[in-house]
Amino acid sequence: MSHLSERPEKPVVGVAMPHESAFQHVTGTALYTDDLVQRTKDVLHLHPVQVMKARGRITALRTEPALAVPGVVRVLTGADVPGVNDAGMKHDEPLFPDEVMFHGHAVAWVLGETLEAARLGAAAVEVELEELPSLITLQEAIAAESFHGARPLMVHGDIDAGIADSAHVFTGEFQFSGQEHFYLETHAALAQVDENGQLFVQSSTQHPSETQEIVSHVLGVPAHEVTVQCLRMGGGFGGKEMQPHGFAAVAALGAKLTGRPVRFRLNRTQDMTMSGKRHGFHATWKIGFDAEGRIQALDATLTADGGWSLDLSEPVLARALCHIDNTYWIPHARVAGRVARTNTVSNTAFRGFGGPQGMLVIEDILGRCAPLLGLDAMELRERNFYTPGQGQTTPYGQPVTQAERISTVWQQVREDAGFADRTREIAAFNAAHPHTKRALAITGIKFGISFNLTAFNQGGALVLIYKDGSVLINHGGTEMGQGLHTKMMQVAATTLGIPLHRVRLAPTRTDKVPNTSATAASAGADLNGGAIKNACEQLRDRLLQVAGSRLGANASDVRIVEGVARVLGSDGELAWDDLVRTAYFQRVQLSASGFYRTEGLHWDAKAFRGRPFKYFAYGAAATEVEVDGFTGAYRVRRVDIVHDVGESLSPLIDIGQVEGGFVQGAGWLTLEDPRWDTGDGPNRGRFLTQAASTYKLPSFSEMPEEFHVRLLENATEEGAVYGSKAVGEPPLMLAFSVREALRQAAAAFGPSGVSVHLASPATPEAVYWAIQEARRGGAAPAVAADAEALSGA
């Protein structure tokens, strides 16, 4: 077992415990960024000046009427920016634009003594616009060849030979929607300036160091004059990885210019109309199978809807390409990617970061092709799993380690779900019910863990031990409800050998741990846990030297367990408090800076080859649904999940992440249907589903009636902290089983062997049209067998 993964005697990791802020959450005492306004004096409030046109060039911007509104203090425009007027890392997102690029684009910001004064001031600002042609839909952008950013190409094997050698060839296309983050806490920031002109920005951000960087370059000051803190977030899901930076910069600019604290918070409608979402995708594909249904070749083009600026679209697209194989061995592949530029909000990171989009493409292909091959969909999937010991690599060249876990979780979930018996029961039910059908589907996942950009795979920590024996830890990760802080406290307590109550965690701040990566890519626990373990090991080694000298033993023979230092094979012991006090009087340093970098990664973005991921996380889910043939309405009757988190750092946290990820994935695939006005009228480009009344979110009524989640046992990951694996993103893709069960239930309304096209999201309306297609005998126009290939089969 590796040093990184080895657990000591009586570890605190692996113990099921509640979230460290759970009590504050349920009692309402947990503070979020906007709560801090009540504790701050003389706060000014920001409100955006939004232009409600999809695209246009600003010909006049008159702020004088706003200044006449009582309570308005100042109107911020591009002329006020002392540094770089840009909010993005790609320098393609003007903070104060000269050209409106989407409906609701903010072109100026009003500062008021109250939020109402700022709102009225914003309404008084006069903007004249020369309207320009706009592209709203992905299809419009593709037709206009409106693309931006890199256009990666992933090639593996000989695609032409693979297609030629295939007994069955099918082609098709597939378009599916994005997803609104709908975090409970909208974007928020509070900026203050001290007597030296230095900025302190409280921000609801997943990436404080990058927020610091953007604020720094907008204000034209060095980074050491800007401190960013994230107390906690009320949800993030990727939506606060890149997009908070510009908002924080506007607040910081206001504070710098007025000398007063400035509060920024979007209301829900503003948040939904101004901030980016999960990328919707369009895919065209051709796939070849041999006579037994094994994939021979895949030729595909994935087009991501990037919105008006690049944001994180390029790495999102890259991860989609890297995950199009999911759990399946594809000997020959050619997959091209491109980012469409549309006049909508700039789409951004969302839990899974492109991985779900890539995996959805292959799962949709297999679900549609299985009936055409005369195979059960589950059997088709099983036949194409990566096989251990065969030297198989992903299409981008990374060996698939622990490939046996694909089959292990699959078989375990089959057993847990009682798959064989329930399949017979469902067949009997369907035969007896012409207007209601049930189906049970299983899907699996293989998700790579690490940032695609190798430089981001590093983490830092600062651990302080005080004279009374209490411990304070700081790390670069942010808490958005996922339980990262809970796990990090457990890691610190385990490494130091002390009870958890001796450890406290400080809010994430850029002046404690610099140059941190975003809390994203499911790497928060790996990176920050490794850094905290490193810092605590430095402290523990110093304390073991002190304990050895006090107990008359070699330091290597001393262990600290449950807050007591003991010598192996001896009765000598020293309590933690006494040990720390002794170390202080011996002038032993009781603070340490820790660092961790993920080893073994390399990636050539141009060649699209390398080893971008430290390891893969695996899982499988079985979902049973019941569908009404008259309306397409459905309910999820039961879900069984087996998921691989390595050796869990905190089982209660991890099970919660699996459950939450699955439900969020089911929302994306079956409920959440973002819509824009695509007409040529005055509201062209307007986001139509801009509230919970029109944007359908999963609720209790959509929860499975039975929900069983089990973590894979005996699954130590040698390359990660205390043998754990990432858990934030991978479970979302387990929800593919819901969509595939709906497809199978719809098909059950038609003749045997029918292939059904199912839109995504698979809303009741979409399911109804799939049922109608099945009743007509299928023949989905998007799936066509290659007659020439079939004639040679």
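Residues numbered from 1 in each chain as written. Predicted model: local features only at pLDDT ≥ 70, side-chain atom pairs only at ≥ 80, totals over all residues. Heavy atoms only, no water.

A.B. asks: Is there a simple way to think about the overall build of the protein chain in this case?
C.D. replies: The secondary structure content of the protein chain amounts to 20 helices and 30 strands. Over its C-alpha trace the protein chain gives a radius of gyration of 28 Å, about what one expects of a compact globule, namely 28 Å for 793 residues. Once the C-alpha set of the protein chain is aligned to its principal axes, its extents read approximately 85 × 80 × 50 Å. Going through the 793 residues of the protein chain one by one, you find that 61% of them count as buried. Across the protein chain, contacts joining residues at least 24 apart in sequence account for 81% of those joining residues at least 6 apart. Carbon together with sulfur atoms contributes 51% to the accessible area of the protein chain, which is approximately 28,800 Å² in total. Charged side chains of the protein chain number 70 positive and 89 negative; the gap between the two group centres comes to 3 Å. (Helix = DSSP H or I, 4+ residues; strand = E, 2+ residues; numbered from the N terminus. Rg over C-alpha atoms; globule rule 2.2 N^0.38 Å. Buried < 20%, exposed > 50% of the residue type's maximum accessible area, 1.4 Å probe, protein only. Contact = heavy atoms within 4.5 Å. Areas by Shrake-Rupley, 256 points an atom, 1.4 Å probe, with all protein chains shown as cover. Lys, Arg positive; Asp, Glu negative; His and termini not counted. Charge placed at Lys NZ, Arg CZ, Asp CG, Glu CD.)

A.B. asks: Explain the side chain of Gln270 to me, please; I cannot follow it from the model alone.
C.D. replies: Position of Gln270 among the secondary structure elements: in helix H8 (residues 268-274). Look at Gln270 and you get buried, because its relative accessible area is 7%. In contact with Gln270, not counting residues within four places along its chain, are His47, Pro48, Gln50, Arg265 and Ser275.

A.B. asks: So what exactly am I meant to see when it comes to helix H10 (residues 355-369) here?
C.D. replies: In this model H10 runs 22 Å from its N-terminal to its C-terminal C-alpha over 15 residues, within 8% of the 21 Å that 1.5 Å per residue would give. Of all 15 residues in H10, 15 are buried; the element is thus mostly enclosed. (Expected span 1.5 Å × (residues − 1).)

A.B. asks: Is there a simple way to explain the packing of helix H17 (residues 651-670) against helix H18 (residues 736-747) in this structure?
C.D. replies: A pair of packed helices is captured by two measures, namely the crossing angle of their axes and the spacing between those axes. Packing of H17 against H18 brings their axes to within 8 Å, and their N-to-C directions diverge by 40°. With respect to H18, the axis of H17 lies oblique. Of the residues in H18, those touching H17 at Phe662, Ala666, Trp668, Leu669 and Thr670 are Phe736, Ser737, Val738, Arg739 and Leu742. Its residues placed into classes, the contact of H17 with H18 shows 7 nonpolar, 2 polar and 1 charged. (Axes fitted to C-alpha atoms, helices over the stretch in contact; angles between N-to-C directions. Parallel < 35°, antiparallel > 145°, perpendicular 65-115°, else oblique. Nonpolar A, V, L, I, M, F, W, Y, C, P; charged D, E, K, R; others polar.)

A.B. asks: In this structure, what is going on with the pattern of salt bridges? I would like to understand it.
C.D. replies: Opposite charge on two side chains permits them to pair, given that their charged atoms come into close proximity. By the definition in use, this model includes 48 salt bridges. The salt bridge partner of Arg260 is Glu113, with a shortest N-O separation of 2.8 Å. With Arg260 in the loop between helix H7 (244-258) and strand E12 (262-265) and Glu113 in the loop between strand E5 (105-112) and helix H3 (115-124), this residue pair connects regions lying 147 residues apart in the sequence. Among the residues examined, Arg260 registers a relative accessible area of 22% and is labelled partly exposed. Here Glu113 falls in the partly exposed class, since its relative accessible area comes to 37%. Between Arg119 and Glu116 there is a salt bridge, with the nearest N and O atoms lying 2.6 Å from each other. Taken together, the residues Arg119 and Glu116, both in helix H3 and 3 residues apart, mark about one turn of the helix. With a relative accessible area of 37%, Arg119 lands in the partly exposed category. Because the salt bridges share partners, they merge into one network encompassing Glu363, Asp364, Arg368, Arg381, Arg739, Glu740 and Arg743. (Salt bridge = Lys/Arg side-chain N within 4 Å of Asp/Glu carboxyl O.)

A.B. asks: Help me understand the pairing of strand E22 (residues 564-567), please; the structure alone is not making it clear to me.
C.D. replies: On a regular strand, one side chain projects to one face of the sheet and the next to the other, so that they alternate. Here 4 bridges tie strand E21 (residues 558-561) to E22, and the two strands are oriented antiparallel to one another. Paired with Arg559 across the bridge in E22 is Arg566. If you look at the hairpin formed by E21 and E22, you'll find 2 residues sitting between the two strands, and Glu562 has a positive phi there, around 55°. Where E22 lies against strand E23 (residues 573-575), 3 bridges are found, and the strand directions are antiparallel. What sits directly across from Val564, in E23, is Ala575. Between E22 and E23, which pair antiparallel in sequence order, lie 5 residues; one of them, Gly569, sits at a positive phi of approximately 75°. (Pairing = 2+ DSSP bridges.)

A.B. asks: Honestly, the sheet that holds strand E27 (residues 615-628) in this entry has me stumped. Any pointers?
C.D. replies: Adjacent strands of a sheet form backbone hydrogen bonds with each other and so pair up, either parallel or antiparallel. With respect to topology, 4 strands assemble into an open sheet ordered E16-E27-E28-E29, the strand pairing being mixed. Strands with a single pairing partner mark the edges of an open sheet, and in this sheet they are strand E16 (436-449) and strand E29 (706-711). Each strand of the sheet is rotated relative to its neighbour by a mean of 15°, with strand direction disregarded. Where E16 and E27 come together, 14 bridges link them in antiparallel fashion. Opposite Thr443, over in E27, you have Ala621 as the bridge partner.

A.B. asks: Explain H18 here, please?
C.D. replies: Over its 12 residues, H18 extends 17 Å from the first C-alpha to the last, a length consistent with the 16 Å expected when each residue adds 1.5 Å. H18 sits mainly inside the fold: 11 of its 12 residues count as buried. Within H18 the residues assigned to the buried category are Phe736, Ser737, Val738, Arg739, Glu740, Ala741, Leu742, Arg743, Ala745, Ala746 and Ala747.

A.B. asks: Is there a simple way to explain the packing of aromatic side chains in this structure?
C.D. replies: The description of an aromatic ring pair uses the distance of the two centres, along with the angle that the planes make with each other. For the coordinates displayed, the defined rule picks out 21 aromatic pairs. With 6.3 Å between their ring centres and 70° between their planes, Trp109 and Phe247 make a pair best called edge-to-face. Here Trp109, found in strand E5, pairs with Phe247, found in helix H7; they are 138 residues apart in sequence, far enough to count as distant. Judged by relative accessible area, Trp109 falls into the buried class, the value being 3%. Arranged with centres 6.0 Å apart and planes meeting at 80°, the rings of Tyr396 and Trp603 form a pair that is edge-to-face. Of this pair, Tyr396 sits in the loop between helix H11 (377-383) and helix H12 (404-417) while Trp603 is found in strand E25 (residues 602-604), placing the two residues 207 residues apart along the sequence. (Phe/Tyr/Trp six-rings, centres within 6.5 Å; stacked < 30°, edge-to-face > 60°.)

A.B. asks: Would you mind going over the confidence of the model for the protein chain with me for this structure?
C.D. replies: Detail in the predicted coordinates should be disregarded across regions flagged by low pLDDT. With 98% of its residues at a pLDDT of 70 or more, the protein chain has an overall mean of 96. Contacts of residues 780-784 to residues separated by more than four positions or lying in other chains number 15 contacts, the stretch itself having pLDDT below 50. Here residues 786-793 is a poorly scored stretch, pLDDT under 50, and it has 9 contacts once near neighbours within four places are set aside; other chains count. (pLDDT = per-residue confidence, 0-100.)

A.B. asks: I'm lost on the sheet that holds strand E2 (residues 56-62) in this one. Help?
C.D. replies: Taken in spatial order, the 3 strands of this open sheet run E4-E2-E6, and their pairing is antiparallel. Each end of this open sheet is capped by a strand with a single partner; those strands are strand E4 (99-100) and strand E6 (126-131). Bridge count for E2 against E4 is 2 bridges, and the pairing is antiparallel. Among the inter-strand pairings, Gly56 is bridged to a residue of E4, identified as Val100.

A.B. asks: I would appreciate a short explanation of the nonpolar core in the present structure.
C.D. replies: The nonpolar side chains of a soluble globular protein tend to be buried, and buried together. Counting residues in hydrophobic clusters, the biggest one holds 110 residues, and the most contacted among them are Ile287, Leu302 and Phe662. In this structure, Ile287 is in contact with Ile163, His168, Val169, Phe170, Ile295, Ala297, Leu298, Ile362, Ile365 and Cys369, ignoring residues within four places of it in sequence. If you look at the next biggest cluster of nonpolar residues, it comprises 51 residues, including Met17, Phe451, Leu527 and Leu649. (Core = buried A, V, L, I, M, F, W, Y, C linked by side-chain atoms within 4.5 Å.)

A.B. asks: What am I meant to see in the environment of Gln390 here?
C.D. replies: In this fold, Gln390 is placed in the loop between H11 and H12. Separated by 232 residues in the primary sequence, Gln390 and Asp158 have C-alpha atoms spaced 19 Å apart.

A.B. asks: I keep staring at the pairing of strand E28 (residues 634-643) and nothing clicks. Help me out?
C.D. replies: Among the 10 residues of E28, 8 are classified as buried, and the element is accordingly described as predominantly covered. Bridge count for E27 against E28 is 9 bridges, and the pairing is antiparallel. Pairing of Thr623 across the sheet is with Val639, part of E28. Here E27 folds back onto E28, and the loop between the two strands holds 5 residues, one of which, Gly632, carries a positive phi near 80°. As judged from the 6 bridges shared by E28 and E29, these two strands associate in the parallel manner. If you follow His643 over to E29, its bridge partner there is Leu711. Crossover handedness for the path E28 to H17 to E29: right-handed. (Right-handed = clockwise from strand over helix to strand, strands pointing away.)

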